[in-house]
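# Examining the three-dimensional arrangement
If you want the building blocks of each chain, they are given just below.
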Amino acid sequence: MSSIIEKDKKHVWHPFTQHFTAENPLEIVRAEGVRLYDVDGKEYIDANSSWWVNVHGHKNAYIGKAMMDQFNQIDHIVFAGVTHPKAVELAERITKVLPQNLEKVFFSDNGSTSVEVALKMIVQYWHNKGENKQRFLAMHGSYHGDTFGAMSVGQRGYFNAPFEPFFFDVDYIDFPTKENEEAILSHAKLLFETGEFAGMIVEPLVQGAAGMRMYSASFLDQLATLAQENDVLIVYDEVMTGFGRTGKLFATDHCKVKPDFITLSKGLTSGVMALGLTVTSDKIYNAFLGEETTKALLHGHSFTANPIACAIACANLDLFEQPLAIQGMKNLEDWNRTFKHQLEKFEFVKNIRQQGTIIAFEIETGEGNTYFSDIKAQAYAYFLKQGILIRPLGNVIFVNAPLVISKADYDKITQSILNFLFEGINQPS
Ligand SMILES: Cc1ncc(COP(=O)(O)O)c(C=O)c1O
């Protein structure tokens, strides 16, 4: 055991980890492009973009330069009563690429806080208007983060059971499939018509943590129309889907109806710095204006609009204006389509789905779809051995690689998955 692992075991508490049973963590010491290198020099292809954030590859020189340039200008500054050029540039540019109605940007630190801020804005919006609307609608299977508000609107269950007494009440609609869309819409309509709903929140088109579950833009448009007709504020949580994952820059770009809020993080900085954005409309912003300080959103974080994070996010947007990123999105979409056909040959492979750069499928294990499926550990270990880092979501295996991945590296990932399906399952790893 290396001294780093020894010290890690002594002092570090990892996320989503049962340390009593967990294997030693992988010791990664270097990353470049789509590759990660461990302490022994073994390389791994980063098939899930380091928790779905690293869109332009590691150690991207353009982002690195923007980061250093900003460090040499202003590294950090309080953001209450102060502004700085990169925050303003980012706010202006992000609102240009989001739906026209979204004009105002609030900065926070990660996906959970971007959601938390949207929820607080909704609650206070109705409070400031003197209206008693406090109910929220969310979708079964959703994941919006691990702070209390974000957990409240997420899927309830084993991940957050101890905290449930502290959650606010939320009504859930089922996850839409072709068979139940009408029933869900009737359910939502009934709820919205009570007039008690403050807002609804969904992951647009793809539920990430639930296992990359996908549904149609036309369903979302119908749901959002019902919300708008009943004065229910809409949040599209694009923390995972944003920045090219769905084949367009944002999942919202596939939809006709535009939300009142979009939350962003992950791909916003291509994983180089922690940053979250809550983007909303002037309609919402204006409800916080007035003589009384208490009408304002009294919320903030030490790292709000950190200049280095903002400069990196601007550089990230520059890269999305380049042909390489656009081509990367298109390539992955095309390659995924071909891979989908290869997967269709396996009888025990179910529900193969693709949206843009994401492809996912389930392995039929007889235990149903569960995060605790044994296949998860088996697949993870198998792929690691073959030099691929994939973290399956239970029995769901998925690829959402960095946009800069080459065809040769993409083929290594898919070949490794095919090998696993042919020979890896139930064999000792
Ligand atoms: C859709 C969505 N919202 C929110 C979050 C929470 O983001 P973070 O982990 O940065 O707090 C995630 C994280 O996976 C997510 O997928």
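Residues numbered from 1 in each chain as written. Predicted model: local features only at pLDDT ≥ 70, side-chain atom pairs only at ≥ 80, totals over all residues.

### Some details on the domain arrangement of the chain
By the assigned domains, the chain splits into domain 1 (3-59 + 323-424) and domain 2 (61-320). Put simply, the middle of domain 1 and the middle of domain 2, counted by C-alpha atoms, are 26 Å apart. Listed as interface residues are 23 residues of domain 1 and, on the opposing side, 22 residues of domain 2. Elements with a minimum of two residues in the side of domain 1 that touches domain 2: helix 2 (49-52), helix 11 (323-343), strand 13 (349-355), strand 14 (358-363) and strand 16 (396-399). In terms of residues, the side of domain 1 that touches domain 2 owes the most to one element, helix 11, which gives three residues. Taken together, the residues of the side of domain 1 that touches domain 2 break down into eleven nonpolar, nine polar and three charged. (Domains from an automatic or database assignment. Contact = placed C-beta atoms within 7 Å. Helix = DSSP H or I, 4+ residues; strand = E, 2+ residues; numbered from the N terminus. Nonpolar A, V, L, I, M, F, W, Y, C, P; charged D, E, K, R; others polar.)

### With respect to the sheet that holds strand 16
Strand pairing in a sheet relies on backbone hydrogen bonds, with the paired strands running either antiparallel or parallel. With antiparallel pairing, the three strands of this open sheet are ordered in space as 13-14-16. The open sheet has two edge strands, strand 13 and strand 16, and neither has a second partner. Direction aside, neighbouring strands of the sheet carry axes that sit 15 degrees apart on average. With respect to the sheet, helix 11 is in contact with strand 13 and strand 14, its orientation differing from that of strand 13 by roughly 170 degrees. (Pairing = 2+ DSSP bridges. Axes fitted to C-alpha atoms, helices over the stretch in contact; angles between N-to-C directions.)

### Topic: the site of the ligand
Around the ligand, the surrounding shell holds 14 residues, and the nearest of these are Asn110, Gly111, Ser112, Gly145 and Val239. Residue composition of the shell around the ligand, by class: five nonpolar, seven polar and two charged. (Near = placed C-beta within 6 Å.)

### Focus on the sheet that holds strand 11 (residues 261-264)
Strand order in this open sheet of seven strands is 4-12-11-10-7-5-6, and the pairing throughout is mixed. Here the strands that pair on one side only, and so sit at the sheet edges, are strand 4 (102-108) and strand 6 (170-173). In this sheet, neighbouring strand axes are inclined to one another by 20 degrees on average, regardless of whether the strands run parallel or antiparallel. Contacts from helix 7 (residues 181-192) reach strand 5 (135-139), strand 6 and strand 7 (197-202) within the one sheet, and its direction differs from that of strand 6 by about 155 degrees.

### Some points on the nonpolar core
Within the largest apolar cluster, 114 residues are counted, with the highest numbers of intra-cluster contacts made by Met200, Val279, Ile312 and Phe398. Ranked by the residues each element gives to this core, the list is headed by helix 10 (residues 307-320), at ten residues. Two domains each donate at least three residues to this core, and these are domain 1 (3-59 + 323-424) and domain 2 (61-320). Other than its neighbours up to four places away in sequence, Ile312 contacts Ile63, Ala66, Met67, Thr269, Val272 and Met273. (Core = buried A, V, L, I, M, F, W, Y, C linked by C-beta atoms within 7 Å. Buried ≥ 20, exposed ≤ 12 C-beta atoms within 10 Å, placed from the backbone.)

### Side note on the environment of Thr357
Structurally, Thr357 is set in the loop between strand 13 and strand 14. Exposure remark for Thr357: the 26 C-beta atoms within 10 Å place this residue in the buried category. Once the C-alpha coordinates of Thr357 and Asn336 are considered, the two residues, 21 residues apart in sequence, prove to be 7.2 Å apart. Here Thr357 is in contact with Gly244, Arg245, Gly247, Met329, Leu332, Glu333, Asn400 and Leu403, once residues within four sequence places are set aside.

### What about helix 10?
Compared with the 20 Å implied by 1.5 Å per residue over 14 residues, the 20 Å span of helix 10 between its first and last C-alpha is a close match. The buried count for helix 10 comes to twelve of 14 residues, which makes it a mostly enclosed element. Buried within helix 10 we find Pro307, Ile308, Ala309, Cys310, Ala311, Ile312, Ala313, Cys314, Ala315, Asn316, Leu319 and Phe320. At its buried positions, helix 10 is contacted by helix 3 (61-73), helix 4 (85-97) and helix 11. (Expected span 1.5 Å × (residues − 1).)

### Things to note about the environment of Ile201
Along the chain, the position of Ile201 falls in strand 7. Once the C-alpha coordinates of Ile201 and Asp40 are considered, the two residues, 161 residues apart in sequence, prove to be 44 Å apart. Beyond its immediate chain neighbours, meaning those up to four positions away, Ile201 contacts Phe136, Ala138, His144, Val153, Val235 and Asp237.

### What to know about the packing of helix 3 against helix 10
Between two packed helices, the angle of one axis relative to the other and the distance separating the axes together describe the packing. At a minimum axis distance of 8 Å, the contact between helix 3 and helix 10 shows a crossing angle of 150 degrees. With respect to helix 10, the element helix 3 is oriented roughly antiparallel. Crossing of helix 3 over helix 10 shows right-handed handedness. In this structure, helix 3 contributes Tyr62, Ile63, Ala66, Met67, Asp69, Gln70 and Phe71 to the contact, and helix 10 contributes Pro307, Ile308, Ala311, Ile312, Cys314, Ala315, Asn316 and Leu319. (Parallel < 35°, antiparallel > 145°, perpendicular 65-115°, else oblique. Left-handed = near helix turned anticlockwise from the far one by under 90°.)

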